[in-house]
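# Survey of secondary and tertiary structure
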Amino acid sequence: MREIRDLAFRTRDQRFGLALSKERLGEILAYCRKAGRRETGGLLIGRYTDQHDLAIVSHVTGPARDSASGRAWFQRGVAGLQDLLFRRWRQQEYYLGEWHSHPGAAPTPSGTDATQMKLFARADGYHCPEPILLIVGGGSWSEWTLHARVYIRKGAPQDMDEEI
């Protein structure tokens, strides 16, 4: 069984990073267990360091109530998210990106994942030119794996390696 602990990810050039506490990871894994063999997902919300090189996740959501999913697909809904993001913005917390699951599969972004994240990076309404996608994969939720990738508005996406 893989240990739930605080995690950090970095791009190879050290330009972008992601910090995820064991509490937030535990919440994500609980959403995954609840969804069973169906994909699920939500938002990553938090802050950036002053150097803007590390996104620190302080809040994760589960699927919005109008989300839809199946065995190998997830469509995140939007119901209630605008109000939530506005409340968090007043607390100086921001949309950092998305997370979702690939139950029974590798945590590799699909073509659909990549297309959607590139659109988010270019959409002014998200106010996030470098959104992060975190994918949870694995055969069971006691043997999960993670993959993080940052999508850059003007540049190629970059994988983020887990720091040990």
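Here's a quick rundown of the structure. The shown structure was predicted, so the numbers you read here are calculated from the model rather than taken from an experiment. (Residues numbered from 1 in each chain as written. Predicted model: local features only at pLDDT ≥ 70, side-chain atom pairs only at ≥ 80, totals over all residues. Heavy atoms only, no water.)

## Looking at the pattern of salt bridges
Scanning the model with the defined rule gives 10 salt bridges in all. For Arg 47, the salt bridge identified is with Glu 93, shortest N-O distance 3.5 Å. One end of the pair, Arg 47, is in strand β3 (residues 41-48); the other, Glu 93, is in the loop between α2 (81-90) and β7 (94-103), with 46 residues separating them in the sequence. For Asp 124, the salt bridge goes to Arg 153, with nearest N and O atoms at 3.7 Å. (Salt bridge = Lys/Arg side-chain N within 4 Å of Asp/Glu carboxyl O. Helix = DSSP H or I, 4+ residues; strand = E, 2+ residues; numbered from the N terminus.)

## Remarks on α2
Those residues of α2 that fall on the buried side of the exposure criterion are Leu 81, Leu 84 and Arg 88. On an axial view of α2, the arc spanned by its buried residues comes to 65°, and they lie on one face. Exposed side of α2, more than 90 degrees from the buried face: Gln 82, Asp 83, Trp 89 and Arg 90 are the residues found there. Lining the buried residues of α2 we find β3 and β4 (55-60). Just past α2, the residue Gln 92 takes up positive phi, approximately 60°. (Buried < 20%, exposed > 50% of the residue type's maximum accessible area, 1.4 Å probe, protein only. Arc of directions from axis to C-beta. Contact = heavy atoms within 4.5 Å.)

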